[in-house]
Amino acid sequence: MVKTFNGLDNEFAVSTGSNVNSSPGRSKFDYPPTSSTNLTVTSQEGDTDPNLFEVGETYTVSWSGVSSGTILDATVIRSDDAPSDGGGVIVFEGLDENGDLAQVVWTPSFDLESWYFDNFNGGVPPEFHTTDQNATYTHAYVCFAMGVTIGTPYGPKPIETLSAGDYVSTRDHGRRKFFGRGAKPWSGPGAMRRSVLIRAQLAIIGQCACRSSIG
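Small disclaimer: the values here were computed from a predicted structure and weren't measured.

Chemist: What's the story with the pairing of strand E1 (residues 4-7) in this structure? I'm lost.
Modeler: Burial of the side chains of E1 is restricted to one face: Phe5 and Gly7 are buried, whereas none of Thr4 and Asn6 on the reverse face is. With 4 bridges joining them, E1 and strand E4 (residues 36-43) adopt antiparallel strand pairing. The residue of E4 that forms the bridge with Gly7 is Leu39.

Encoded structure:
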């Protein structure tokens, strides 16, 4: 199954050149992260579950902006959970169209750009981890059709009736705040039905010595 994901401009950043693997287990973001736009992530033929971003899987990743590029075989090197709120961080790595090693860090539903500028520590920009910090977790998108009921502290409710700020019941993390939903058309079987995409809010602030790093 081939599926394409489009990332918001404030939810991803790129690492190229000497920023890649700038220190053991970490990379620096290209500055400024706002120079990269229009992220597109496309799964490969034969991927039976493209919503599940497993370490070692490959996608085609492209972006525009000052440091535009394409990685045809971008390997997932990190598919991690965030320190709180049940979110995740996905890092891709591969050779761009010029044969240079590049990395893309994608944080769906989290304002990575604001986090970046908020976490300059004494003039030192934040970095991101390039390997999983929780080996038992793999990040995945979850999509539900309208009418599906979701468990809440007040009983099950149809997914389309939930609003930002409501609480839902989760299997692994207990009671969690619901941060929002978005409807999108579905092409293929059941195309007349709309689906609701659940996007987890991330909180990925972490500290390491005098530097900030994701995770």
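We are not done yet, so read on.
Chemist: I tried to follow the nonpolar core on my own but got confused; where do I start?
Modeler: Side chains of a nonpolar character, in soluble globular proteins, are inclined to be buried together. Ranked by internal contacts, the top residues of the largest apolar core, which has 17 residues, are Val41, Phe53, Val61, Trp63, Phe92, Val104 and Trp106. Of all the secondary structure elements, the ones that give two or more residues to this core are strand E2 (12-16), E4, strand E5 (58-65), strand E6 (69-81), strand E7 (88-95) and strand E8 (101-106). Those residues in contact with Trp63 that lie beyond four places of it in its chain are Phe12, Val14, Ser36, Thr37, Asn38, Leu39, Ser68, Gly69, Thr70, Ile71, Ala102 and Val104. By size, the runner-up hydrophobic cluster in this structure holds 11 residues, among which are Ala13, Val91, Val105 and Trp115.

Chemist: What is the right way to look at the pattern of salt bridges in this model?
Modeler: Note on pairing: side chains with opposite charge can pair once their charged atoms come close. Under the definition given, this model contains 1 salt bridge. Notably, a salt bridge pairs Asp80 with Arg78, separated by 3.0 Å at the nearest N-O pair. Comparing Asp80 with Arg78, the two get one shared label, buried.

Chemist: Help me understand the side chain of Glu57, please; the structure alone is not making it clear to me.
Modeler: When you line up the elements, Glu57 lands in the loop between E4 and E5. Buried charge without a partner: Glu57 forms no salt bridge, and the closest opposite charge is Lys3, 12 Å away. Glu57 has contacts with Asp47, Leu52, Ala74, Thr75 and Val76, leaving out every residue within four places of it along the chain.

Chemist: Explain the confidence of the model for the protein here, please?
Modeler: For residues with low pLDDT, the predicted coordinates do not support detailed interpretation. Of all residues in the protein, 77% have pLDDT values of 70 or greater, and the mean over the chain is 80. Segment residues 184-212 is flagged for pLDDT under 50; beyond a separation of four residues in sequence, or across chains, it makes 84 contacts in the model.

Chemist: Hey, could you run me through unusual backbone geometry in this one?
Modeler: Put simply, Tyr31 and Pro32 share a cis peptide bond, and its omega is -10°. Mapped onto the elements, Pro32 comes out in the loop between strand E3 (26-28) and E4. Positioned with a positive phi, Asn21 is a non-glycine residue whose angle comes to about 50°. By the element assignment, Asn21 lies in the loop between E2 and E3. Residue Asn21 is classed as partly exposed on the basis of its relative accessible area of 42%.

Calculation notes
- Residues numbered from 1 in each chain as written.
- Predicted model: local features only at pLDDT ≥ 70, side-chain atom pairs only at ≥ 80, totals over all residues.
- Heavy atoms only, no water.
- Buried < 20%, exposed > 50% of the residue type's maximum accessible area, 1.4 Å probe, protein only.
- Helix = DSSP H or I, 4+ residues; strand = E, 2+ residues; numbered from the N terminus.
- Pairing = 2+ DSSP bridges.
- Core = buried A, V, L, I, M, F, W, Y, C linked by side-chain atoms within 4.5 Å.
- Contact = heavy atoms within 4.5 Å.
- Salt bridge = Lys/Arg side-chain N within 4 Å of Asp/Glu carboxyl O.
- Lys, Arg positive; Asp, Glu negative; His and termini not counted.
- pLDDT = per-residue confidence, 0-100.

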